[in-house]
Amino acid sequence: MLSQQKADHELLSMYGKVIAIVVLLVLLAIFGIRYLNTASNIGGRGLELEQNRFLNVLAMVRSQWLASGRPDKMQLSWHNLASNVLTSQSNKTASKNGRTNTEEINDDADLVGTDNWISLSDQGWPIIDTNDVQGCERLWGQLLATNLQQLHITVDYQSDTNICRYSSDNKASLSYQLKTGRVIFLINDG
């Protein structure tokens with residue numbers, strides 16, 4: 001009888017271990033599914049952040065366009081702004097050290113980029129030079145200075161509506177209407 005009780009105790013102990021492992025696997029599966037759902041939304045959230053940057057840059061470009069007398073083409077002044085910041089920082093350093101290093105300032109400013117000419121519509125919105133996907137990719141690079149391939153963003157140009165559409169892997173998309181400057185962000189929650 002003693003060996004029967006020992007066998008029953010071992011069997012109950014084994015069942016307890018099996019149940020604990022099953023509960024642990026169920027919890028891991030739940031956390032894994034939640035992680036995958038969260039990870040798939042990260043691309044859309046990245047595009048959402050880019051949308052905010054895109055809107056801010058469009059507003060700056062249009063303000064520059066108005067202040068510059070509404071030209072057809074305009075050089076974006078990212079370089080000039082960076083030069084002024086670097087120059088003011090070097091002046092603070094110069095007052096401490098008593099000297100300036102203009103070669104260092106020019107090298108740093110050139111890293112920001114020059115020759116960034118952009119075409120503008122009659123209403124002051126940035127437009128593409130070529131009516132194709134490459135034109136939309138170049139516009140993104142001119143405005144945001146980021147690489148679309150590194151962000152895993154695909155580009156589509158809709159010639160009938162004159163829209164550049166930027167889409168992430170999880171079907172979040174950012175549409176820029178070239179005629180009106182309207183930006184529409186859509187995210188797939190399903």
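Above: the structure in question.
Residues numbered from 1 in each chain as written. Predicted model: local features only at pLDDT ≥ 70, side-chain atom pairs only at ≥ 80, totals over all residues. Heavy atoms only, no water.

Chemist: I'd like a description of the sheet that holds strand 1 (residues 73–75), backed by residues and values.
Modeler: Strand order in this open sheet of 3 strands is 1-2-3, and the pairing throughout is antiparallel. In this open sheet, the two edge strands, each paired with only one partner strand, are strand 1 and strand 3 (126–127). Where strand 1 and strand 2 (residues 117–120) come together, 3 bridges link them in antiparallel fashion. The partner of M74 across the bridge, within strand 2, is I118. Sheet strands touched by helix 4 (residues 133–144): strand 2 and strand 3. Its angle to strand 2, the strand with the most contacts, is close to 115 degrees. (Pairing = 2+ DSSP bridges. Helix = DSSP H or I, 4+ residues; strand = E, 2+ residues; numbered from the N terminus. Contact = heavy atoms within 4.5 Å. Axes fitted to C-alpha atoms, helices over the stretch in contact; angles between N-to-C directions.)

Chemist: Kindly report on the state of the cysteines, identifying the contributing residues and their values.
Modeler: As enumerated under the stated definition, the model contains 1 disulfide in all. Residue C136 pairs covalently with C164 via a disulfide, S to S 2.0 Å. Judged by the sign of its S-S torsion, about -75 degrees, the cystine formed by C136 and C164 is left-handed. Highlighted residues: C136 in helix 4 and C164 in strand 5 (residues 163–167), separated in sequence by 28 residues. Pair check on accessibility: C136 and C164 agree, each one buried. (Disulfide = S-S within 2.5 Å. Buried < 20%, exposed > 50% of the residue type's maximum accessible area, 1.4 Å probe, protein only.)

Chemist: Give me the nonpolar core: which residues, what numbers.
Modeler: Residues F54, L139, W140, L143, Y166, L174 and Y176 are the most contacted members of the largest nonpolar core, which totals 29 residues. Elements that contribute at least two residues to this core include exactly helix 1 (2–67), strand 2, helix 4, strand 4 (154–158), strand 5, strand 6 (173–177) and strand 7 (183–186). Ignoring sequence-local partners within four residues, the contact set of L139 consists of I118, P126, I127, I128, Y166, Y176 and L178. (Core = buried A, V, L, I, M, F, W, Y, C linked by side-chain atoms within 4.5 Å.)

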